[in-house]
Structures are given as structure tokens and as C-alpha cells.
Amino acid sequence: MAAATTNAIAAAKPKLLTDLAASLSHVPSNFIRPDSDRPNFQDVESSDGYSIPLIDLRDLDGPNRSLTIRKIGDACLNYGFFQVMNHGVPAEVVEKMVSVSREFFRLPESERMKNYSDDPTKTTRLSTSFNVKTEKVSNWRDFLRLHCYPLEDYINEWPTNPSYFREDAGGYCRKMGELSLRLLEAISESLGIEKDYINKALGQHGQHMALNYYPPCPEPELTYGLPSHADPNVITLLLQDDVPGLQVLKDGKWLAVNPIPNTFTVNIGDQIQVISNGRYKSVLHRAVVNSEKERMSIPTFYCPSQDAVIGPAPDLIDPHHPALYRNFTYSEYYLKFWNRGLSKETCLDLFKADSPHHHG
Ligand code: OGA
Ligand code: NI
């Protein structure tokens, strides 16, 4: 009898957070972080007058290119994060992306669930938290993750509800791919290597996107939308709605990065830390939730293709700067990232030049 009841509860247990969250006045125990690992809002540096650099890209393709490159290089060196304005992605394209994702998360759960999977290798999937198969504590987030390059290979897997989802999200992806490539050129130049160096290092290239949905949370001080992590890819271009939640670790303190309209937040991922031989850092960041408002964020993750071999650029290795990382395929890296869970010890530690490793 007891067993049957337990099973019935297990079967009825919702997989997604979005609808469930609205009915809760407390955070369920599986979301509660230990005392030593909580947001501690009172210790967070709020960004009034002090935040990550805001870089105007208007001059990137003009006579002031070298100055803009220098600003990008300084931001990569000192923060691993910057915001960009005048980035060339039309406001209309961004607005359509935001509204179609909002509509997606407002669909009835049964409709959204058609896209559900907890297998991180699936190229289109709706899921919750981070990796429900391996993690011990859950995160206050639902997300739709889409592979989006080459677009023709994946767009047919994407949701068809809302009916213009593919068109609007596809248009957004194309523009974000172009912007990613412009930034990768600028970042290569700022490192003093060939401007197409990073582009060529990425094999056939890859691009993913997540639609992150963080419902209002009754006890935001007990949990995270996403706990502290570094991004595994090359660069991330984050679109935030107007609700704050992103925080970046700077000199041992959490710094809130409040949204600025018409900008993207850019951060260096682990692969640039490797290619730059440690010169640019893939910086820890996290998303916190709040009790008032739902929040959406849409990161574009620009990546190598799975077969690309990543390692430090030879021009950045010399007797004073020995190679810090061994060469590896992106598929090896990516699998480790999803399976070990988000944590403060970055996945990069597993790829140090002198660390033992196995093939396979
Ligand atoms: C991510 C991420 C931050 C945010 O999806 O990797 O860091 O503000 N998101 O949602
Ligand atoms: Ni991230």
C-alpha cells in the first residue's frame, strides 16, 4: 500500500518547474543549497557606477578599430566579461526572439513537454535545472536548448508551437552567429595572433542557444537559477530581459550585471582560456532568482564542432609561457562538462598539460 502510494506520487511528480513554481510558498527541499553555498545577497556588489565594461562596437570596422580591439582585450584580461552596444543585431530581430520565447514558456505544460528530454546529448530539448540525471541539488530554472549551426541540420527538430518559433529563433541565430564571428576576430587580434586564428581552430564550428526561464521563487536566498559555473564553449553572448539576475565573480566578490537595453553580455568561455594559453580567463558566473518576477535569458553559445582539436595557440607558447593545457577534442570536453555538474572547480582543471588522461 505504502509503496503503491509512493509510486503514484513519483509518477505524478511534474518534470518541469514553471507551472509548479506558481503553487509553492516554500522552496522544496531538493532545491535548498547548504548554508555554505547560498547567494548571500547582502555581499553582492550592485552595479551602480561599477560594472563590467560596456564597449561600443560602432567603431569596430572603422578607423578606430585598434582602439576598440584594445578595449575588448582589456575587458577579456581583467573581467572575462563585457557588454556590447551598437552590435548590429536589429532590435526587431531581438524583440521577436524575446517574445517568441515568452510565448513558448506560456504554452500549456503538456504542449511544452513534447520537447522534453533529460539526455544532454540531444540536440533539441526542453529540460529543467541543469542535469537532472547527475545533480544532487536542483536549480530554479527550466530551459529549452537548441543546436543552431548549421541551421538546416537542426531547425526541423525545433518546436513548431508557437507557429513562428522556427522563423523568429532562426533569424536571431543567424545574426548572433555573425556577431560571434566578428567578436572572435577582434579577440584573436587582441591576443596578437592572426585574426582568423580562432575561427580556423573551431573546425566546422557549432552554435547552441538556450532559452532560460526562471520562475519567481518564494525563497530566492536558498537556491540558484544557475549556480556558479564557467561556460564550456568559446564565447557566450547573453541576451537578458529587463529583470536582473546575472552575477559575475570579480576579485573574489560577486558583481551584479544588471541588464542594459539593446546590449548583449559577452563572456569568454573555457575554449578561449585554452587557446589563449591562460591569458584570458573563463570567469565564474551565476544566475540568482527573485520572489517578484519571472526572468528570461537567452545565451548564444558559440562553440567548436565536436571533432575540432583545441589546444593553446603555438604563438602564445614560449619558454616563459609553457603550454598550460593539452590538446583535446571538443567532444571529450563537452561530455565531461555535462557529466560532472556545475561547480567552482572548472572543468579546465581536467585538461591541464601535465594531468594524466585516458583516451576513449
Ligand atoms: C548560462 C548562464 C546566465 C543567466 O546559461 O550559461 O550563465 O543570466 N546564464 O541566465
Ligand atoms: Ni553561463
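Refer to the structure above for everything that follows.
Because the structure is predicted, anything quoted here is derived from the model rather than measured.

The rules behind these values
- Residues numbered from 1 in each chain as written.
- Chains lettered and ligands numbered in written order.
- Predicted model: local features only at pLDDT ≥ 70, side-chain atom pairs only at ≥ 80, totals over all residues.
- Heavy atoms only, no water.
- Near = heavy atom within 4 Å.
- Polar contact = N/O pair within 3.5 Å; in protein donor to acceptor, adjacent residues only side chain to side chain.
- Areas by Shrake-Rupley, 256 points an atom, 1.4 Å probe, with all protein chains shown as cover.
- 1 Å grid on protein atoms, 1.4 Å probe; cavity = no way out; pocket = protein on both sides within 12 Å on 5 of 7 lines; lining within 4 Å.
- Sits in = over half its atoms within 2 Å of the grid points.
- Disulfide = S-S within 2.5 Å.
- Buried < 20%, exposed > 50% of the residue type's maximum accessible area, 1.4 Å probe, protein only.
- Donors = N, O, S within 2.8 Å, 3.2 Å for Na, K, Ca; no water.
- Helix = DSSP H or I, 4+ residues; strand = E, 2+ residues; numbered from the N terminus.
- Pairing = 2+ DSSP bridges.
- Axes fitted to C-alpha atoms, helices over the stretch in contact; angles between N-to-C directions.
- Contact = heavy atoms within 4.5 Å.
- Parallel < 35°, antiparallel > 145°, perpendicular 65-115°, else oblique.
- Left-handed = near helix turned anticlockwise from the far one by under 90°.
- Nonpolar A, V, L, I, M, F, W, Y, C, P; charged D, E, K, R; others polar.
- Points joined across faces, edges and corners; volume = space filled by probe spheres on them.

Draft legend 1. Inspection of the site of ligand 1 at higher detail. Contacts to ligand 1 come from 13 residues, most closely from Tyr-214, His-229, His-285, Arg-295 and Ser-297. In this structure, an oxygen atom belonging to ligand 1 sits 3.1 Å away from a side-chain N or O atom of His-229. Arg-295 is positioned with one of its side-chain polar atoms (N or O) 2.9 Å from an oxygen atom of ligand 1. Protein contact buries 95% of the 290 Å² of open area that ligand 1 shows by itself. Spatially, ligand 1 is embedded in the largest cavity.

Draft legend 2. Spotlight on the state of the cysteines. In this structure the tally under the stated criterion is zero disulfides. Free cysteine Cys-148: the closest other cysteine sulfur is in Cys-173, separated by 3.5 Å. Look at Cys-148 and you get buried, because its relative accessible area is 3%.

Draft legend 3. Structural detail: the coordination of the nickel ion (ligand 2). Around the nickel ion (ligand 2), the protein contributes the donor atoms His-229 (NE2), Asp-231 (OD) and His-285 (NE2), which lie 2.1 Å from the metal centre. In the primary structure, the donors to the nickel ion (ligand 2) are separated according to the pattern H-x1-D-x53-H. In this pair, Asp-231 sits in the loop between strand 6 (226–229) and strand 7 (235–240) while His-285 sits in strand 11 (residues 285–287), placing the two residues 54 residues apart along the sequence. Among the residues examined, His-285 registers a relative accessible area of 6% and is labelled buried.

Draft legend 4. Up close: the sheet that holds strand 2 (residues 81–85). Reading across the sheet, the eight strands line up as 1-2-10-7-12-5-4-3 and stay open at both edges, with mixed pairing between neighbours. In this open sheet, the two edge strands, each paired with only one partner strand, are strand 1 (54–56) and strand 3 (124–128). Direction aside, the axes of adjacent strands within the sheet are offset by 25 degrees on average. Here strand 1 pairs with strand 2 via three bridges, running parallel. Among the inter-strand pairings, Asp-56 is bridged to a residue of strand 2, identified as Met-85. Across the sheet, helix 3 (residues 65–78) lies against strand 1, strand 2 and strand 10 (264–268), angled at about 160 degrees from strand 1, the strand it touches most.

Draft legend 5. View of the pairing of strand 5 (residues 206–214). For strand 5, a buried count of nine out of nine residues is recorded, marking the element as mostly surrounded by other parts of the structure. Judged by which residues are buried, strand 5 turns out to be covered on both faces: Gly-206, His-208, Ala-210, Asn-212 and Tyr-214 on one side and Gln-207, Met-209, Leu-211 and Tyr-213 on the other are all buried. In the sheet, strand 5 pairs with strand 12 (residues 295–303) via seven bridges, with the strands oriented antiparallel. Looking across to strand 12, one finds that His-208 is bridged to Phe-301.

Draft legend 6. Summary view of the pairing of strand 9 (residues 253–256). When strand 8 (residues 246–250) meets strand 9, the two strands line up antiparallel, connected through four bridges. Within strand 9, the residue paired with Gln-247 across the bridge is Ala-256. In this structure, the hairpin formed by strand 8 and strand 9 is closed by a connection of two residues, where Asp-251 is found at a positive phi of approximately 50 degrees.

Draft legend 7. Highlighting the side chain of His-208. Its place among the elements puts His-208 in strand 5. Residue His-208 is classed as buried on the basis of its relative accessible area, which comes to 4%. Within the structure, the side chain of His-208 is placed 3.2 Å from the side chain of Arg-145, a separation counted as a polar contact. Within the structure, His-208 has its side chain in polar contact with the side chain of Tyr-334 (distance 3.3 Å). Those residues within four positions of His-208 in sequence are excluded, and the remaining contacts are Arg-145, Leu-146, His-147, Cys-148, Pro-299, Thr-300, Phe-301, Cys-303 and Tyr-334.

Draft legend 8. Quick look at the packing of helix 4 (residues 91–106) against helix 7 (residues 165–190). The contact between helix 4 and helix 7 brings their axes to 9 Å, and the two run at 135 degrees. If you check the angle between helix 4 and helix 7, you find them oblique. The hand of the helix 4/helix 7 crossing is left-handed. From helix 4, Val-93, Val-94, Lys-96, Met-97 and Val-100 reach across to helix 7, where they touch Phe-165, Asp-168, Ala-169, Gly-171, Tyr-172 and Lys-175. For the contact of helix 4 with helix 7, a count of residues per class yields seven nonpolar, one polar and three charged.

Draft legend 9. Spotlight on empty space enclosed by the protein. For the coordinates displayed, the defined rule picks out three cavities of 30 Å³ or more. Estimated volume of the largest cavity: approximately 330 Å³. Lining the largest cavity are 31 residues, and of these Leu-226, His-229, Asp-231, Pro-299 and Phe-301 sit closest to its centre. The set of elements that each furnish at least two residues to the lining of the largest cavity consists of strand 4 (142–149), strand 5, strand 6, strand 7, strand 11, strand 12 and helix 10 (330–340). It is strand 12 that contributes the most residues to the lining of the largest cavity, five residues altogether. Residue classes in the lining of the largest cavity are distributed as 18 nonpolar, eight polar and five charged.

Coordinates in, geometry out; function isn't part of it.
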